[in-house]
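What the coordinates show
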Amino acid sequence: MKPLTLPLLSVTLSAFFISGCGSSSDSGSSSNQNTSSNNTSTSSYDLSGTITGLDGSLELKESQSGKTLSVTDGSFKFEGFSNGDTYEITLAAAPTGQQICSVEGLSGSINEASVSNLDINCRDWEDSSTQISSSTATESINPDLASNGTSVLAYWESSMPLQGEQLAGNAYSLSTSSWNSSPTGTYPGTGGQTRDQVQIVANTSDNETVIYLESPTSGSDALYAVIDSSSTSIHDPDAGAGDVTQAAVAMDSQGHTLVAFLQSDAGGKPSIYYNYHDGSSWSGAAKLETDDTNDAYAPAVAFTADGKGVAAWAQDNGSLGTSIYASIYNGTSWTSPTEVDTLSGGYANAATQAPAINVSDEGDLLLVWAQGNGQASSHATNLYAAFYTSADGWGTPFEVDASSNTQVASYPQAYDYDANTSQVIWAQNNQGLTAQCSFTTKSCETPKVFADSGLYNSSPVWAVDGAGNQVFAWKQNDESGNQQVYSRRYHQLGSNWSDAMQMSTGTQDIEGMDLLHDDKTFMLVWASDNKIQARAHRQTSTTSGSQVISKAGSF
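Residues numbered from 1 in each chain as written. Predicted model: local features only at pLDDT ≥ 70, side-chain atom pairs only at ≥ 80, totals over all residues. Heavy atoms only, no water.

So, on to the overall build of the protein chain. Scanning the protein chain from N- to C-terminus turns up zero helices and 46 strands. Counting every position in the protein chain, which comprises 555 residues, the buried fraction comes to 54%. The contacts in the protein chain between residues at least 6 apart in sequence include a share of 52% that link residues at least 24 apart. Of the accessible surface of the protein chain, which amounts to about 22900 Å², a share of 44% is contributed by carbon and sulfur atoms. (Helix = DSSP H or I, 4+ residues; strand = E, 2+ residues; numbered from the N terminus. Buried < 20%, exposed > 50% of the residue type's maximum accessible area, 1.4 Å probe, protein only. Contact = heavy atoms within 4.5 Å. Areas by Shrake-Rupley, 256 points an atom, 1.4 Å probe, with all protein chains shown as cover.)

Let's shift gears to the sheet that holds strand E25 (residues 296-303). One open sheet holds the four strands; their spatial order is E25-E26-E27-E28, and the pairing between them is antiparallel. Both outer strands of the open sheet, E25 and strand E28 (338-339), are each paired with one neighbouring strand and no more. In terms of strand pairing, strand E27 (residues 322-329) meets E28 through two bridges, oriented antiparallel. Note on E28: the bridge partner recorded for Ala326 is Thr338. (Pairing = 2+ DSSP bridges.)

Here the focus is the state of the cysteines. Scanning the entire structure with this criterion turns up two disulfides. With its sulfur 2.2 Å from that of its partner, Cys101 forms a disulfide with Cys122. Negative torsions about the S-S bond denote left-handed disulfides, and the value of about 110 degrees found for Cys101 with Cys122 makes this one right-handed. Here Cys101 is found in strand E8 (residues 100-102), whereas its partner Cys122 is found in strand E10 (residues 120-125), with 21 residues between them in sequence. Side by side, Cys101 and Cys122 carry an identical accessibility label, which is buried. Covalently, Cys437 is tied to Cys444 through a disulfide, its sulfur atoms 2.0 Å apart. Taking the torsion about the S-S bond as the criterion, the Cys437 to Cys444 disulfide, at about 105 degrees, is right-handed. Here the cysteine-cysteine linkages of the protein chain are recorded as 1-2, 3-4, numbering only bonded cysteines and doing so in sequence order. (Disulfide = S-S within 2.5 Å.)

This part covers a negative patch on the surface. Side chains of Asp361, Glu362, Asp416 and Asp418 sit close together on the surface and give a patch of like negative charge. Residue classification places Asp361 among the exposed positions, given a relative accessible area of 53%. (Patch = residues over 30% accessible without salt bridge, like charges linked within 9 Å, V, L, I, M, F, W, Y side chains within 5 Å. Salt bridge = Lys/Arg side-chain N within 4 Å of Asp/Glu carboxyl O. Lys, Arg positive; Asp, Glu negative; His and termini not counted. Charge placed at Lys NZ, Arg CZ, Asp CG, Glu CD.)

Turning next to the nonpolar core. Core analysis: the largest hydrophobic core is formed by 28 residues, its most contacted members being Phe472 and Leu524. Only strand E34 (409-418), strand E38 (448-451), strand E39 (458-464), strand E40 (470-477), strand E41 (483-491), strand E44 (513-518) and strand E45 (521-528) provide two or more residues apiece to this core. Residues Tyr45, Ile51, Val103 and Cys122 belong to the second largest nonpolar core, which totals 22 residues. (Core = buried A, V, L, I, M, F, W, Y, C linked by side-chain atoms within 4.5 Å.)

Our focus in this paragraph is the pattern of salt bridges. Per the counting criterion, the structure on display carries nine salt bridges. A salt bridge links Lys287 to Asp292, with the shortest nitrogen-to-oxygen separation between them at 2.5 Å. Look at Lys287 and you get partly exposed, because its relative accessible area is 32%.

Another aspect to go through is unusual backbone geometry. One non-glycine residue, Asn142, lies in positive phi territory at about 55 degrees. Examined against the element boundaries, Asn142 turns out to sit in strand E12 (residues 139-147).

Position of Leu91 relative to the elements: it lies in strand E7 (residues 86-91). Those residues in contact with Leu91 that lie beyond four places of it in its chain are Leu58, Glu59, Leu60, Cys101, Val103, His491 and Leu493.

This next bit is on the sheet that holds strand E18 (residues 208-215). As a general point, the strands of a sheet are linked pairwise by backbone hydrogen bonds and lie either parallel or antiparallel. One open sheet holds the four strands; their spatial order is E17-E18-E19-E20, and the pairing between them is antiparallel. Every interior strand has two partners, whereas the edge strands, strand E17 (194-202) and strand E20 (230-235), have only one. Put simply, the sheet's adjacent strands are angled 25 degrees from each other on average, direction ignored. Taken together, the seven bridges between E17 and E18 define a ladder with antiparallel strand orientation. (Axes fitted to C-alpha atoms, helices over the stretch in contact; angles between N-to-C directions.)

Position of Ser528 relative to the elements: it lies in strand E45. Non-local contacts of Ser528, meaning those with residues more than four positions away in its chain, are made with Gly506, Gln508, Asp509 and Ile510.

Turning our eyes to something else, we now look at the side chain of Ser220. Tracing the sequence through the fold places Ser220 in the loop between E18 and strand E19 (222-227). We classify Ser220 as buried; its relative accessible area is 17%.

Side chains Leu58, Leu60 and Glu62 of strand E4 (residues 57-62) all project onto a buried face; the interleaved residues Ser57, Glu59 and Lys61 project onto a face where none is buried. Bridge count between E4 and strand E5 (residues 67-72): six bridges; the pairing is antiparallel. Paired with Lys61 across the strands is Thr68, a residue of E5. Taken together, E4 and the strand that follows it, E5, pair antiparallel across an intervening segment of four residues, in which Gly66 is found at a positive phi of about 85 degrees. One ladder, built from three bridges, connects E4 with E7; its direction is antiparallel. Within the sheet, the bridge partner assigned to Leu60 lies in E7 and is Leu91.

Taken as a whole, this structure holds 18 aromatic pairs when the rule is applied. Aromatic pair Phe261 and Tyr273: ring centres 6.0 Å apart, planes at 15 degrees, arrangement stacked. On the criterion of sequence distance, the pair formed by Phe261 in strand E22 (residues 257-264) and Tyr273 in strand E23 (residues 270-277) is long-range, its members being 12 residues apart. A relative accessible area of 0% places Phe261 in the buried class. Centre to centre, the rings of Phe450 and Trp474 are 5.5 Å apart; their planes meet at 65 degrees, and the pair counts as edge-to-face. Of this pair, Phe450 sits in strand E38 while Trp474 sits in strand E40, and the two are 24 residues apart along the sequence. Comparing Phe450 with Trp474, the two get one shared label, buried. Each residue in the set Phe450, Phe472, Trp474, Tyr486, Tyr490 and Trp497 is aromatic and connected to the rest through ring pairs, giving one cluster. (Phe/Tyr/Trp six-rings, centres within 6.5 Å; stacked < 30°, edge-to-face > 60°.)

Counting all residues, the mean pLDDT for the protein chain is 83, and 83% of those residues have values of 70 or more. Across residues 1-40, confidence stays below pLDDT 50; counting only partners more than four residues off in sequence or on other chains, it has 95 contacts. pLDDT under 50 marks residues 542-555. Its contacts with residues more than four places away, or in other chains, come to 40 contacts. (pLDDT = per-residue confidence, 0-100.)

With that settled, the discussion passes to the environment of Lys520. Tracing the chain through its elements places Lys520 in the loop between E44 and E45. Put simply, Lys520 and Leu174 are 346 residues apart on the chain and 9.0 Å apart in space, counted from C-alpha to C-alpha. Setting aside chain neighbours within four positions, we find Lys520 in contact with Asn121, Arg123, His537 and Arg538.

Looking at the element boundaries, Pro143 is found in strand E12. On a C-alpha basis, the gap between Pro143 and Gln533 in space is 9.3 Å, while along the polypeptide they are 390 residues apart.

In structure tokens, the structure reads:
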């Protein structure tokens, strides 16, 4: 949100001039005059500051006068203001490449003194990635990220010589902009046990929970959680029962943790179970859904702002199809599962891809999933969504992508854009697509393409900063056929898209990736060539610019 700008009053001043690290123009203004009825002296005052981290040049604008100034990294100055004049410095155009420049708070009024602290910070991707996994690990895959407000936390699956699979992690300090020199938080497997499907959640109160599956030398896979560096089994299957699989985890602002997971009984029927940590202890694993006949799959979980848990999953509906169900948890009990998708003829493509849940600040819900379109010959799926309010319950599902029957929607994700808007992203027909969905209007905008190379785009992730600047990342084959990570920046000013940028350089497929934003830093991690790589988009003292690899679609 832009800062509040005070109105100008009607007494005319003499023209003033702008000077800085480049040229100035009047941007179409015929008088170039700044007016204020508060002027009681003829003293001239300046607006100045420093730009750091900028690669190339940047166009600044003083909004009250309409004057523009072309600047480079270093100091800048607008001259010729009088006492009482209001001012607001903004960007006249988005910066080049992948850069993002912050100009929040550069507004106010002259009070008998020049203003010299109007600093602008620019950020860009680091010149190269950093390996954050152990150099002795034989395999490191499937990283997951969370932030506790002071550090970015990464956990992943790691295999060490003579030790088997482990749970490994590392931490990135937001204050020093650096990772630990070696992985920390490693929980070695013992007795031939393996650990996988690692996920981490955290909040700004320094609460952290890591969950993972553990495979013993005999018996079924069990579900474990790490809280305060202590690993605890939160569901160990009964003898004869199947493995625990497809776990999902969420944490609220109070540090409560909700986990949902898939567990097959002795007869082979998979059902959805949950466990809840109230900040001091686990409730104990229990069955969530009540259908003892039809198989369930792919749970997803979230919390509302007032601490209610939400779970959604796919379940066979007994009619040769699969439906999406949801339930809400008050800390003690669940509501009866509700069939959210009431569509006829199709099937929910969620046996391996979970639905996505997003929650507004008011507690309304958005559920997004891939749904078969009923065309048996095409085997296509489209992206569908439904909204929930406590007053009206679940609304009618609607199609988000409005695509043809030959396209396949997959990997749906839903994120917070702002208090009442969700950012939905997914892959479809070798494209990366995104749409903003409004909790106010209970609708989604027409999808926009952010990746359109035609080279097997998949698994998109997304993050946004406080000014609405966005970063998208996805998997895509390079021209040699190797799978790489690509990224693209969307600058709020002028709806400006950067070109796509190749982030990785490996020769093997990408085995997991994640992206988040905190404290003016976008952090992207991925697994490639059996290593975990990380790359930050942040303020740096020097930058080499962004290499353009390919062009993608635009908003």
